[in-house]
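Coordinate inspection notes
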Amino acid sequence: ENVSSLPSRPPVVTIMGHVDHGKTTLLDWLRKSSVAAQEHGGITQHIGAFVVKMSAGKHITFLDTPGHAAFLSMRQRGANVTDIVVLVVAADDSVMPQTVEAIKHATSAKVPIIVAINKIDKEDARVDQVKADLARHGVEIEDFGGDVQVVCVSGKTGQGMADLEENIITLSEILDVRAEYNGMAEGWILESRVKQNGKVATVLVKRGTLRPGDLIIAGKTWARIRVLRNEAGIELSEAPPGTPVEILGWRELPDAGEQVLQAPDEGKAKTAVEYRMEMAEREESSVQLA
Ligand code: GTP
Ligand code: NA
Ligand code: MG
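Reference entry: report on the structure contained in this document. Position labels on residues start from 1 in each chain and follow its written sequence. The lettering of chains begins at A and the numbering of ligands begins at 1, in the order of writing. Only residues with pLDDT of at least 70 get local features here, since the model is predicted, and only at 80 or more are side-chain atom pairs given and counted; chain-wide, interface and lining totals rely on the full set of residues. Hydrogen atoms and water are omitted, and side-chain values are computed over all heavy atoms in the structure.

Quick look at the nonpolar core now. Nonpolar core, defined: a set of buried Ala, Val, Leu, Ile, Met, Phe, Trp, Tyr and Cys residues in which side-chain atoms within 4.5 Å join the residues together. Categorising residues by exposure relies on relative accessible area from a 1.4 Å probe, with only protein chains included: less than 20% of the type maximum marks a residue as buried, more than 50% marks it as exposed, and the intermediate range marks it as partly exposed. Residues Leu87, Val115 and Leu134 are the most contacted members of the largest nonpolar core, which totals 31 residues. Every helix listed is a DSSP run of H or I at least four residues long, and every strand listed is a run of E at least two residues long, numbered separately from the N terminus. If you list the elements that add at least two residues to this core, you get strand E1 (12-17), helix H3 (68-76), strand E4 (84-90), helix H4 (97-108), strand E5 (113-118), helix H5 (127-136) and strand E7 (186-195). Contacts were defined at the residue level, with two residues in contact if any of their heavy atoms lie within 4.5 Å. The residues touching Val115, leaving out its near neighbours within four places in the chain, are Leu87, Val89, Leu134, Val139, Val148, Gln149, Val150 and Val151.

The six strands lie next to each other as E7-E8-E11-E10-E9-E12, forming a closed barrel whose pairing is antiparallel. Each strand of the sheet is rotated relative to its neighbour by a mean of 45 degrees, with strand direction disregarded. Criterion used throughout: strands pair if DSSP finds at least two bridges between them. The pairing of E7 with strand E8 (residues 198-207) spans nine bridges and is classified as antiparallel. Looking at the pairing, Val194 lines up with Lys199 of E8. Note on geometry: axes are lines fitted to C-alpha atoms, helical ones only across the stretch in contact, with angles between N-to-C directions running from 0 to 180 degrees.

Within helix H1 (residues 23-32) the residues assigned to the buried category are Lys23, Leu26, Leu27, Leu30 and Arg31. End-on view of H1: buried residues confined to an arc of 135 degrees, all on one side of the axis. The directions from the helix axis to the C-beta atoms are what the arc is built from.

Let us now look at the packing of aromatic side chains. Here is the rule: rings of Phe, Tyr and Trp (six-membered ring for Trp) pair when centre to centre is within 6.5 Å. Planes less than 30 degrees apart are stacked, more than 60 are edge-to-face, and the remainder are tilted. Under the counting rule described, the total for this entry stands at one aromatic pair. Ring centres of Phe50 and Phe62 lie 6.2 Å apart, and the angle between their planes is 35 degrees; this geometry places the pair in the tilted category. Here Phe50 is found in strand E2 (residues 49-53), whereas its partner Phe62 is found in strand E3 (residues 59-64), with 12 residues between them in sequence. When sorted by exposure, Phe50 lands in the same class as Phe62, which is buried. The ring of Phe50 has Arg31 sitting right over it, with the charged end atom 3.9 Å from the ring centre. Sitting above the plane of the Trp222 ring, Arg251 keeps its charged end 4.0 Å from the centroid. Consider the ring centre and the ring normal. A charge sits over the ring if Lys NZ or Arg CZ is within 6 Å of that centre and within 35 degrees of that normal.

This is the structure we're talking about:
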């Protein structure tokens, strides 16, 4: 929704890449250097989805790679939860299977990529090899005449991290993402789990604004929102578009990758869920008959 009459929302940046290539390390760096982290007095919790106030004053939502199944499920439903993919490739390991997966995700969703070649502090770093491997896998990097920016970084020493931050901000400004803040809210479940205090789901709000007391449905379950809180555990009075929030108040635990839709009242929420359950049962019995 890039309708220029709508208000801006924070861009959503997803960090993707092969296992152990340094996604979380880079995210932690971005978070620590942020004003928001200082305001919250450090990081108490990690849910892999948070809003950062960059040094330039802009708010950016970062997501650690969602589980593969959740990501696939959202994509199959045409959800573009992310505006930018930061593709992390370890300089000593180069392109690996999950790197290729991430390239496929970003390409098929038509999401612009910024490449972060990480671990350049290591002796066996092979930056040129990584660039050649990326090009072979269809990433049109700037070195070979394409428009995909490549930044060399180290999550260990912090080298290049300011450049990476700048690249993210510049691309965000170009994309100029906007959303409707009013009306029935819509979002996606990024993660869900049972905690001591109940069933918790991390929801990324796509449009509209969620508040405590609101009714939402997701898959075959629903919630009257009891608590909205950010990744630092701070309770929020509202979650506008582009915001990832933990939501409590679910009847059953929803699955990651499910779409979240606001319902006007409890009756409509229950009816929608019952209908979905009925349809699922019918599908199941028709499979058994076949
Ligand atoms: P998964 O979430 O398990 O896929 O891993 P990840 O991609 O989030 O990687 P993570 O941040 O957990 O880092 C993996 C390992 O690499 C850790 O031991 C980090 O300390 C190390 N590491 C990350 N970045 C760098 C870097 O720039 N240089 C060096 N030398 N080590 C790094
Ligand atoms: Na790891
Ligand atoms: Mg990680």
